[in-house]
Each structure stands twice: as structure tokens, then as C-alpha cells.
Amino acid sequence: MTGSPGFSRDVADNKPYFCVVGSPIRHSKSPVIHQAFAAQFGIGLIYERVEVRAGGLAAAIAAFREARGSGMNVTVPLKEEAWRLAAEHAPRAALAGAANTLWFGRDGTLMADNTDGVGLVRDLQSNHGIDLRDRRILLLGAGGAARGVLPALLEARPALVTVSNRTLPRAQQLAAMMPAEAPVETLPWGKDPAEPPDIIVNATALSLNEELPPLSSRVLAPYTVCYDMMYGTRATVFVAWARSHGARLALDGLGMLVEQAAEAFWIWHARRPQTGAVIAQLRSGV
Ligand code: NDP
């Protein structure tokens, strides 16, 4: 017998069942990553990609529950919807207003967490040795990904995080959600900060369409690190722009993807997988 529409798992199969939902979902690497983590511990599991469009998450969660699913990763454009639908939120998800990791509690309660922030911070700090303390960070975007990472960036004690978003009220709303003493300001879209930041994080969806944020190359100093949350088989447009305009370092979001998945794996399985080999495996396209 198959599960509910969209979820193809055979309910007679007793392996724990996980999925990633979003749109577009065809190219998601989450199944490969979670299977690689599971193999590190000899855990057998099912992990599927399921296409779910904006507005469709409640029905997808109901179908997943019926298919006896254990945990669901949520990606573009559903993270804020996931947050609204969950009954309980981990503190970092509560602060973010967006969730990327869902599961059912013992009594069936829909629980939510957001592992994007810890994923970004671990990639910057542990994988690339970039200290965030006392740094000035420019965060581009105020969508689900930006919401997820702002609390974690602030926890790393930067001097200032400047949030700039095409729709300025969304940036202002996001900044207002942070604790009053948090060093956060907003900047209208298309304006350069007064001084080049130490780190620029591109959390917009622009690279998906091969478009650049409207920044002048004067925002880049020889010490500036640029980080694009998007990733691909070749350098994203933002990474290529940063490299060709003299940034100290330009990184894509593959490491963040693996690190946020590792944190979700920890939540679901209480095991901490090794991430380095999985990042290298994905980087080499295997
Ligand atoms: P959302 O749809 O929630 O937000 C999109 C953001 O991009 C908003 O800030 C939006 O601004 C902005 N934006 C979209 N189009 C334009 C445009 N033409 N010009 C200027 N700004 C634009 O998406 P997410 O926040 O979930 O994802 C953003 C990106 O981050 C995606 O590329 C996603 O793949 C990547 N990501 C990577 C992760 C990783 O692990 N590496 C994890 C999470 C996300 P506005 O508010 O004005 O609409």
C-alpha cells in the first residue's frame, strides 16, 4: 500500500521516513546528504524529495503524518509557512519566524526548528576559520533564509549586522524581531553601507536567476569575505563578482547546506555526523 498523494513510501516499510519539501525541489541534495550521514552510523532510512508549492504545506504535513513520516525538511518558499503551522518552536526558530526542520512530538504535536543559522555560522567559523566576533556584517535579504540566520549571526557577537532587502519593511520587521539590545540596523536596497563590511552574506534568491544585488564594487575591501547562500556546480554570479572585484574570499552555500542538514540529523537521530567528507563528496559531484 502506498502512502498519501505526494508521498510514495510503502507504509508497510518500517524504516524511518524523512523528506524535503519545497518548490522547485527536483535538484535538492538533501536526500544524498541525509543518506550519507545515516551511512556513517549504519542507520537505514527513507528520504524523499516532494514538490510542494506555497500554500500547500498544511496538506503535505497531513499526508506525511498519514504516511507515518518522522521528519520533514522545508525549503524555498515554505519556511515561514512551516513556522506558522508548527505548534511548538525551538527558541532559535521562534526568534527567526521561519522553520526548516519539522517533526512530530510524542503526542503528535508538530515541532519546528531552524538550523540554517547554525549551518551558516559553522561553515564560516569551523570550515573556513572566519571569526564573526566584532565584525561588521551586511546581510542581503529578509526572506526565510535571512530570518533563519540573523539570530545565529547575532549570537556570534558581531559589532553590527546591517540588513538590506528589496522590500525595506520586511528588513525593518526582521530587525524589530531581534532583542532590543541587538546590534542590528537596516539599509535601503541599492545603498552601499558607509564603510566596506567585513562579511557580506547574500541571502536573497537573486543568484537563482543569475542576477546580482545592486551594490557597487566600493563595498568590497581587501578584507571582505563574501558568502552566497546559493551554490552550484560553478561559481554563482555573486561569488564570481566578489572574486573579480577583490574580495578576500568568496564562498558559496554548499557548506551551509551540509551543516544545516547535520543539525537536523542531530535533532532527529541524536547523532552528530561528520560533515567534511560529505561536503567534499558533493563538491566533487559524486
Ligand atoms: P525567500 O523566497 O523566502 O526570500 C527571497 C529573498 O530574496 C527575499 O529577501 C526577496 O526580497 C529577495 N529577492 C527575490 N528576488 C529578488 C530580486 N529580483 N531582487 C532583489 N531581491 C530579491 O527565499 P529564502 O530566503 O528561503 O532563500 C533565499 C536563497 O538562499 C535561495 O537562493 C536559497 O536557495 C538559498 N538558501 C540556501 C541555503 C543553504 O543551506 N545553502 C539555506 C536556505 C536558503 P523581497 O522580500 O523584497 O521579496
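Residues numbered from 1 in each chain as written. Predicted model: local features only at pLDDT ≥ 70, side-chain atom pairs only at ≥ 80, totals over all residues. Heavy atoms only, no water.

### Considering the sheet that holds strand β10 (residues 199-202)
By definition, the strands of a sheet pair up through backbone hydrogen bonds, in either a parallel or an antiparallel sense. Taken in spatial order, the six strands of this open sheet run β9-β8-β7-β10-β11-β12, and their pairing is parallel. The open sheet has two edge strands, β9 (184-188) and β12 (249-251), and neither has a second partner. Sheet twist, expressed as the average angle between the axes of neighbouring strands with direction ignored, equals 20 degrees. Bridge analysis of strand β11 (residues 225-228) against β12 gives three bridges, and the strand direction is parallel. By the bridge assignment for β12, Cys226 is matched with Ala250. Each of β8 (160-165) and β9 is contacted by helix α7 (residues 168-177), which is oriented at about 180 degrees to β9, the strand it contacts most. Packed onto the sheet, helix α8 (residues 237-244) meets β10, β11 and β12 and runs at close to 170 degrees relative to β11. (Pairing = 2+ DSSP bridges. Helix = DSSP H or I, 4+ residues; strand = E, 2+ residues; numbered from the N terminus. Axes fitted to C-alpha atoms, helices over the stretch in contact; angles between N-to-C directions. Contact = heavy atoms within 4.5 Å.)

### Focus: the packing of helix α9 (residues 254-269) against helix α10 (residues 276-283)
If you want to describe how two helices pack, look at the angle between their axes and the distance between the axes. Their axes nearest at 10 Å, the elements α9 and α10 cross at an angle of 135 degrees. In terms of orientation, α9 and α10 fall into the oblique class. In this structure, α9 meets α10 at a crossing whose hand is right-handed. Where α9 approaches α10, its residues Leu254, Gly255, Val258 and Glu259 are matched on the opposing element by Val278, Ile279, Leu282 and Arg283. Among the residues making up the contact of α9 with α10, the classes are represented as five nonpolar, one polar and two charged. (Parallel < 35°, antiparallel > 145°, perpendicular 65-115°, else oblique. Left-handed = near helix turned anticlockwise from the far one by under 90°. Nonpolar A, V, L, I, M, F, W, Y, C, P; charged D, E, K, R; others polar.)

### Here we look at the pattern of salt bridges
Going through the model one piece at a time under the given rule, you end up with twelve salt bridges. A salt bridge links Glu263 to Arg272, with the nearest nitrogen and oxygen atoms 3.1 Å apart. Among the residues examined, Glu263 registers a relative accessible area of 5% and is labelled buried. Given a relative accessible area of 41%, Arg272 falls into the partly exposed group. (Salt bridge = Lys/Arg side-chain N within 4 Å of Asp/Glu carboxyl O. Buried < 20%, exposed > 50% of the residue type's maximum accessible area, 1.4 Å probe, protein only.)

### Side note on the site of the ligand
Among the 24 residues in the neighbourhood of the ligand, the closest are listed as Ala145, Asn165, Thr167, Arg170 and Met229. Note that a nitrogen atom of the ligand is positioned 2.9 Å from one of the backbone N or O atoms of Gly253. Leu257 places a main-chain nitrogen or oxygen 3.3 Å from an oxygen atom of the ligand. Contact with the protein chains covers 84% of the free accessible surface of the ligand, which is 910 Å². Secondary-structure elements contributing two or more residues to the shell around the ligand are α6 (144-155) and α9. Looking at which element gives the most residues to the shell around the ligand, the answer is α9, with three residues. When grouped by side-chain class, the residues that make up the shell around the ligand number twelve nonpolar, eight polar and four charged. (Near = heavy atom within 4 Å. Polar contact = N/O pair within 3.5 Å; in protein donor to acceptor, adjacent residues only side chain to side chain. Areas by Shrake-Rupley, 256 points an atom, 1.4 Å probe, with all protein chains shown as cover.)

### Comments concerning the nonpolar core
Counting residues in hydrophobic clusters, the biggest one holds 32 residues, and the most contacted among them are Leu120, Leu139 and Leu150. Once residues within four sequence positions are removed from consideration, Leu139 is found in contact with Ala146, Val149, Leu150, Val161, Thr162, Val163, Ser164, Val201 and Ala203. Grouped together as the second largest cluster of nonpolar side chains are 23 residues, Ile61, Ala63, Val74 and Phe104 included. (Core = buried A, V, L, I, M, F, W, Y, C linked by side-chain atoms within 4.5 Å.)

### Focus on the layout of surface pockets
Gaps left between atoms show up when a probe the size of a water molecule is rolled over them. Taken as a whole, the second largest pocket holds about 420 Å³ of empty space. Lining the second largest pocket are 19 residues, and of these Pro151, Ala152, Leu154, Glu155 and Ala156 sit closest to its centre. Residue assignment for the lining of the second largest pocket shows that the elements contributing at least two residues are α4 (91-96), α5 (116-127) and α6. For the lining of the second largest pocket, the leading source of residues is α6, giving five residues. A breakdown of the residues in the lining of the second largest pocket according to their chemical character gives twelve nonpolar, three polar and four charged. (1 Å grid on protein atoms, 1.4 Å probe; cavity = no way out; pocket = protein on both sides within 12 Å on 5 of 7 lines; lining within 4 Å. Points joined across faces, edges and corners; volume = space filled by probe spheres on them.)

### Some points on the packing of α6 against α7
At a minimum axis separation of 11 Å, α6 and α7 run at an interaxial angle of 30 degrees. Considering the angle they form, α6 stands roughly parallel to α7. Considering how the two elements wind past one another, α6 and α7 form a crossing that is right-handed. Along the contact surface, α6 presents Ala146, Arg147 and Leu150, while α7 presents Gln173, Leu174 and Met177. Classifying every residue of the contact of α6 with α7 by side-chain character gives four nonpolar, one polar and one charged.

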